[in-house]
Amino acid sequence: MNLAPYGVFALLTNAMAELGLDLIWSLLGYMTVLVGALAFHFFVTMMIVLKLFSGLSIKTSLVKIREVQIFAFSTASSNATIPITLRTVTKRMGVDNSVASFTIPFGATINMDGGAILQGTATIFIANIYGVDLSITEYLTVILMSVLASIGTAGVPGVGLIMLAMVFTQVGLPIEGIGLILGVDRILDMLRTAVNVSVDVAVTAIVAKSEGKMDLAIYNDPNAGSKDILDGHIDENSERDFSEVFSDGIVGSEYDDIKRH
Ligand code: ASP
């Protein structure tokens, strides 16, 4: 780990000696394409899917997803965001716990839309840098491997890049190519994690709505649950209420007893 920055420096120096300042422009292009694709996926594709399959208001969803996005962006971890995501869908959006307690941890573990977008974009970028021409079959392999790699990505910072090695191996790209994008990955990781968890929230809302497991009065109330999640800060009293919900009917003094022991 301590040697990694020096390794990245050496790789970048080597690539820059060959490609000159063009590499900086290529990297900027890579970042722009990736950010654009992430934004398009969330704001256009997912919002159309949300509207089509649930009929819920896009504006309300965007407002209520905000805290989850901020938390995911700052931690770059879908898993660390689970407590906020769960509270958002149950308390802010009125999703029944029977749906949320399944879809949110499940989504945070395997549903990485942002991760899949990274795998595809990074593979094409590195193939261009190394002058590798990908055939149609290889493009299809990239799509398939990107989805598989994103499913296998753990919801913690930086793992998407490690899974990239799997895609590179499949299409015969040099693994050290990952070093070229390592330096700019942290900010991109923050962004893709925000997309990963936002999609979990949107899909949870769709499932809950279609199963009749959503309280629309809570969903339509702009202030619902806002005391539970104030800009990522979890209110202590609501934390207690929430634990009660999850302790399967164990309430009040019984819960206090369990907590004491
Ligand atoms: N940081 C991402 C997440 O937690 C995973 C990754 O793509 O590195 O969702």
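What you see is a predicted model, and the numbers here were worked out from it, not measured in a lab. (Residues numbered from 1 in each chain as written. Predicted model: local features only at pLDDT ≥ 70, side-chain atom pairs only at ≥ 80, totals over all residues. Heavy atoms only, no water.)

1. Looking at the confidence of the model for the chain
On average, residues of the chain carry a pLDDT of 86, and 87% of them reach 70 or more. By mean pLDDT, helix α13 (residues 252-260) is the weakest element of the chain at 51, and helix α10 (residues 185-210) is the strongest at 95. (pLDDT = per-residue confidence, 0-100. Helix = DSSP H or I, 4+ residues; strand = E, 2+ residues; numbered from the N terminus.)

2. Examining the site of the ligand
Close contacts around the ligand come from 16 residues, with S78, G160, D189, R192 and N196 the closest. The backbone of V159 places a nitrogen or oxygen atom 3.2 Å from an oxygen atom of the ligand. R192 is positioned with one of its side-chain polar atoms (N or O) 2.7 Å from an oxygen atom of the ligand. The greatest single-element share of the shell around the ligand, amounting to four residues, is contributed by α10. Taken together, the residues of the shell around the ligand break down into six nonpolar, eight polar and two charged. (Near = heavy atom within 4 Å. Polar contact = N/O pair within 3.5 Å; in protein donor to acceptor, adjacent residues only side chain to side chain. Nonpolar A, V, L, I, M, F, W, Y, C, P; charged D, E, K, R; others polar.)

3. Looking at helix α6 (residues 113-129)
Its 17 residues place the ends of α6 25 Å apart at the C-alpha level, agreeing with the 24 Å of an ideal helix rising 1.5 Å per residue. Along α6, 14 of the 17 residues are buried, which leaves the element largely enclosed by surrounding structure. Following α6 by one or two positions, G131 adopts a phi angle in the positive range, close to 65°. (Expected span 1.5 Å × (residues − 1). Buried < 20%, exposed > 50% of the residue type's maximum accessible area, 1.4 Å probe, protein only.)

4. Looking at the pattern of salt bridges
A full pass over the atoms with the stated rule returns two salt bridges. Across the pair R192 and D185 runs a salt bridge whose closest N-O atoms are separated by 3.1 Å. Residue classification places D185 among the buried positions, given a relative accessible area of 4%. Note that R192 and D189 form a salt bridge whose closest N and O atoms lie 3.4 Å from each other. Within this pair, R192 and its partner D189 are both found in helix α10, separated by three residues, close to a single helical turn. Each member of the pair, R192 as well as D189, carries the same accessibility label: buried. Members of the salt-bridge network, linked through shared partners, are D185, D189 and R192. (Salt bridge = Lys/Arg side-chain N within 4 Å of Asp/Glu carboxyl O.)

5. With respect to helix α5 (residues 97-110)
For α5, built from 14 residues, the straight-helix expectation of 20 Å at 1.5 Å per residue is met to within 8% by its first-to-last C-alpha distance of 20 Å. Of all the positions in α5, only V99, A100, T103, I104, G107 and A108 are classed as buried. Along α5, the residues classed as buried sweep out an arc of 120° about the axis, all on the same side. Here the buried face of α5 lies against α4 (78-92) and α10. (Arc of directions from axis to C-beta. Contact = heavy atoms within 4.5 Å.)

6. Examining the layout of surface pockets
Reported here for the largest pocket is a volume of approximately 180 Å³. Lining the largest pocket are V35, L38, A39, F42, F43, Q69, F73, L191, A194, V195 and S198. Secondary structure elements with two or more residues in the lining of the largest pocket: α2 (22-54), α3 (58-75) and α10. Ranked by residues supplied to the lining of the largest pocket, first place goes to α2 with five residues. Split into classes, the residues belonging to the lining of the largest pocket amount to nine nonpolar, two polar and no charged. (1 Å grid on protein atoms, 1.4 Å probe; cavity = no way out; pocket = protein on both sides within 12 Å on 5 of 7 lines; lining within 4 Å. Points joined across faces, edges and corners; volume = space filled by probe spheres on them.)

7. Topic: a nonpolar patch on the surface
A contiguous nonpolar surface patch, about 1100 Å² in accessible area, is contributed by F102, F106, I110, I136, Y139, L140, I143, L144, V147, L148, I151 and M166. Broken down by secondary-structure element, the contributors of at least two residues to the nonpolar patch are α5 and α7 (136-152). As for its placement among the helices and strands, I136 is situated in helix α7. For I136, a relative accessible area of 64% corresponds to the exposed category. (Patch = residues over 30% accessible without salt bridge, like charges linked within 9 Å, V, L, I, M, F, W, Y side chains within 5 Å. Areas by Shrake-Rupley, 256 points an atom, 1.4 Å probe, with all protein chains shown as cover.)

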